[in-house]
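A look at the structure
Here is what each chain is made of, one letter per residue.
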Amino acid sequence: MIDSSGNNLVFLLCTPRSGSSLATVILQNHSKMFAAQEMWFLMSLCDLQAAPRRAYGGSGIINQFFNGVLPQESFDSACRAFALQVYNGLLQSSAGAELAIDKSPRYYYLLEFLDRLFPLSKRIWLIRNPLAVLASYKKVNRHRGESFAVEQLLSPSFDMKTADLTVGLFRYVHYFGGDNPYAYRLRYERLASDPRTELDGVCRFLGQEYEEGMELYGDFMHSAKTELYFSMGVGDPFVANHTKPNRDSIDIWKEVLDKREIELYGRVLGARVFRELGYEVELAEAERLTGVRFPEQPDEELLDKRAKQLADATGCRWQEHYAMRTESAAGTELLLPEPDASGVKPDSQLLQLQMTVRALEQRLENSAAMQSQLRSQLDAARRKIDRVKSLIPFGGRLSRLASALSNGGRKK
């Protein structure tokens, strides 16, 4: 069972199109692991604080409640309790499973939230050559009849795929930047080329033994877990075309992307991230194919723009260059003192005062924002008045001149 700190819970993290479907369809074959398709539900919990517009109204009230009345610790504790019910319920439905694996690529959206809820969870970072990720986007969208042009990376409009390929990638790079006993780096190319060796390392990281043949997912097609996996209909539409890992997609970027597209994405990401991820050879090949040396640093202006667009579109906020945190205290549940003989909790008054202060602070922040908006409108109105006033003397002279001309220039 999963406890309140996240023991026995595993997050498989990566950007979309990084090979997480392949990794999941293999890991779920282990008798001690439950790994369904993408769950995403933690994002729904996190978004409760964003208070989007709803048909029944009350967005301001909901925002005030979650961000002005309810203590953050209480919110996190409630979300943790809900998530535990979900994860442990899934484990109970899978006979013999001890570990729940949540594979949700866009969890880069809520890494701080994830760490607060389950700091002792295990986190696997699935890494793939960024150019192959881009090529997979192009290939899968073409297969589904959906439009996706690499030029969208430079478009002024916002698209979630462009956030995945920019903000999402660098969020994971910073998050997994240091050494941490709760983190494991799984490389897609090695999983595809030598699955037995890679899975042995993953299983040891998760405290389990490798089970012979678990990578041969074609042999498990009629198992309950595999049928559930494919019934969800998300992820890589091509993974079912094979029965075991293969190298077919490792160099897909050379076939699917043209030189212009390779150069564009290389300039957006910069050369440094390729080296940090271990793709020096692929970087050199890309520069040879395009005849261009990519800049060392990423396009920071574009990355900042995409981060702002994502924040504006979702209401999500995060720490810049956030790195993984695993402090056990972050996962403890909020426990209030027991009532005394009178039935009153000793710290209840303090908690109510803290909630009141937080609500007032929220109202002050809203008031300050409103004052700033009204001040801007007032300044704009004053500027218009000043412009009109500046024309009045000149307008009076024109009127007198026109009157004199109409009288033949005679003075009265």
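Let us look at the structure shown here. (Residues numbered from 1 in each chain as written. Predicted model: local features only at pLDDT ≥ 70, side-chain atom pairs only at ≥ 80, totals over all residues. Heavy atoms only, no water.)

Turning our eyes to something else, we now look at the packing of helix 6 (residues 130–143) against helix 12 (residues 259–269). Two elements in contact, helix 6 and helix 12, have axes whose closest approach is 11 Å; the angle formed by their N-to-C orientations is 125 degrees. Relative to helix 12, the element helix 6 is oriented oblique. The element helix 6 and its partner helix 12 pack so that their crossing is right-handed. Facing helix 6, whose interface residues are P130, L131, L134 and K138, helix 12 presents E261, I262, Y265 and L269. (Axes fitted to C-alpha atoms, helices over the stretch in contact; angles between N-to-C directions. Helix = DSSP H or I, 4+ residues; strand = E, 2+ residues; numbered from the N terminus. Parallel < 35°, antiparallel > 145°, perpendicular 65-115°, else oblique. Left-handed = near helix turned anticlockwise from the far one by under 90°. Contact = heavy atoms within 4.5 Å.)

What follows is about the pairing of strand 4 (residues 122–127). Consecutive residues of a regular strand have side chains that alternate between opposite faces of the sheet. Counting buried positions along strand 4 yields 5 of 6 residues, so the element is predominantly enclosed. The sheet contact formed by strand 1 (residues 9–13) and strand 4 spans 4 bridges and is parallel. Each bridged residue has a counterpart across the sheet, and for L12 the counterpart in strand 4 is I124. In terms of strand pairing, strand 4 meets strand 5 (residues 183–187) through 5 bridges, oriented parallel. Counted as the bridge partner of W125 is R185 from strand 5. (Buried < 20%, exposed > 50% of the residue type's maximum accessible area, 1.4 Å probe, protein only. Pairing = 2+ DSSP bridges.)

Right, let's get into the pattern of salt bridges. For side chains bearing opposite charge, pairing can occur when the charged atoms are close. Overall, the coordinates contain 17 salt bridges when judged by the stated rule. Its salt-bridge partner being E276, residue R272 comes within 3.6 Å of it at the nearest N-O pair. Note that R272 and E276 are positioned in helix 13 (residues 271–277) at a spacing of 4 residues, about one turn of the helix. A relative accessible area of 32% places R272 in the partly exposed class. The shortest N-O distance in the salt bridge between E296 and R275 comes to 2.3 Å. With a gap of 21 residues between them, E296 in the loop between helix 14 (280–290) and helix 15 (300–314) and R275 in helix 13 connect regions that are remote in the sequence. According to the relative accessible area criterion, E296 is partly exposed, its value standing at 37%. Each of E151, D258 and R260 takes part in a single network of salt bridges with overlapping partners. (Salt bridge = Lys/Arg side-chain N within 4 Å of Asp/Glu carboxyl O.)

Turning next to empty space enclosed by the protein. Counted under the stated rule, the structure contains 1 cavity of 30 Å³ or more. Counted as a void, the largest cavity has a volume near 120 Å³. What lines the largest cavity is a set of 15 residues, among which T15, S18, R128, V133 and L169 lie closest to the centre. For the lining of the largest cavity, the secondary-structure elements that each account for two or more residues are strand 4, helix 6 and helix 7 (160–175). (1 Å grid on protein atoms, 1.4 Å probe; cavity = no way out; pocket = protein on both sides within 12 Å on 5 of 7 lines; lining within 4 Å. Points joined across faces, edges and corners; volume = space filled by probe spheres on them.)

Further remarks concern the environment of M160. With respect to the helices and strands, the residue M160 is situated in helix 7. A residue is classified by how much of its surface remains accessible, and M160, at 24% relative accessible area, is partly exposed. Spatially, the C-alpha atoms of M160 and A313 are 9.7 Å apart, while their sequence positions differ by 153 residues. Residue contacts for M160: discarding those within four places in its chain leaves R106, Y108 and L310.

A cluster of acidic residues, D299, E300, E301, D304 and E320, forms a negative patch on the protein surface. By secondary structure assignment, the location of E300 is in helix 15. Residue E300 is classed as partly exposed on the basis of its relative accessible area of 43%. (Patch = residues over 30% accessible without salt bridge, like charges linked within 9 Å, V, L, I, M, F, W, Y side chains within 5 Å. Areas by Shrake-Rupley, 256 points an atom, 1.4 Å probe, with all protein chains shown as cover. Lys, Arg positive; Asp, Glu negative; His and termini not counted. Charge placed at Lys NZ, Arg CZ, Asp CG, Glu CD.)

All right, on to the sheet that holds strand 3 (residues 99–103) then. Strands in a sheet are paired, the pairing made by backbone hydrogen bonds, and the direction either parallel or antiparallel. Strand order in the open sheet formed by 5 strands is 2-3-1-4-5, and the pairing between neighbours is parallel. Each of the sheet's edge strands pairs with one partner strand only, and the pair in question is strand 2 (33–34) and strand 5. Sheet analysis places strand 2 next to strand 3, joined by 2 bridges and oriented parallel. The residue bridging M33 from the neighbouring strand is L99, located in strand 3. Along the sheet, helix 4 (residues 72–93) makes contact with strand 1, strand 2 and strand 3, crossing strand 3 at roughly 120 degrees.

Attention now goes to helix 15. When the terminal C-alpha atoms of helix 15 are compared, their 21 Å separation across 15 residues agrees well with the 21 Å that a helix rising 1.5 Å per residue should span. For helix 15, the set of buried residues is L302, L303, R306, Q309, L310 and A311. Those residues of helix 15 hidden inside the fold are in contact with helix 7 and helix 12. Two residues or fewer after helix 15 comes G315, characterised by a positive phi angle close to 80 degrees. (Expected span 1.5 Å × (residues − 1).)

Per the counting criterion, the structure on display carries 14 aromatic pairs. Between F11 and Y107, the aromatic rings sit 6.1 Å apart at their centres with planes inclined by 65 degrees, giving edge-to-face as the arrangement. Remark: Y107 occurs in the loop between strand 3 and helix 5 (111–117) and F11 occurs in strand 1; sequence separation between them is 96 residues. Classification of F11 by relative accessible area gives buried; the value is 0%. Overall, Y107 belongs to the buried group, its relative accessible area being 0%. By way of ring pairs, the aromatic residues F11, F41, F82, Y87, Y107 and F118 are connected into one cluster. The residue whose ring lies beneath K122 is F205, and the NZ or CZ to ring-centre distance is 4.9 Å. Geometry around Y188 places R128 over its ring, the cationic atom sitting 4.2 Å from the centre. (Phe/Tyr/Trp six-rings, centres within 6.5 Å; stacked < 30°, edge-to-face > 60°. Lys NZ or Arg CZ within 6 Å of the ring centre and 35° of its normal.)

In short, geometric facts, not functional conclusions.
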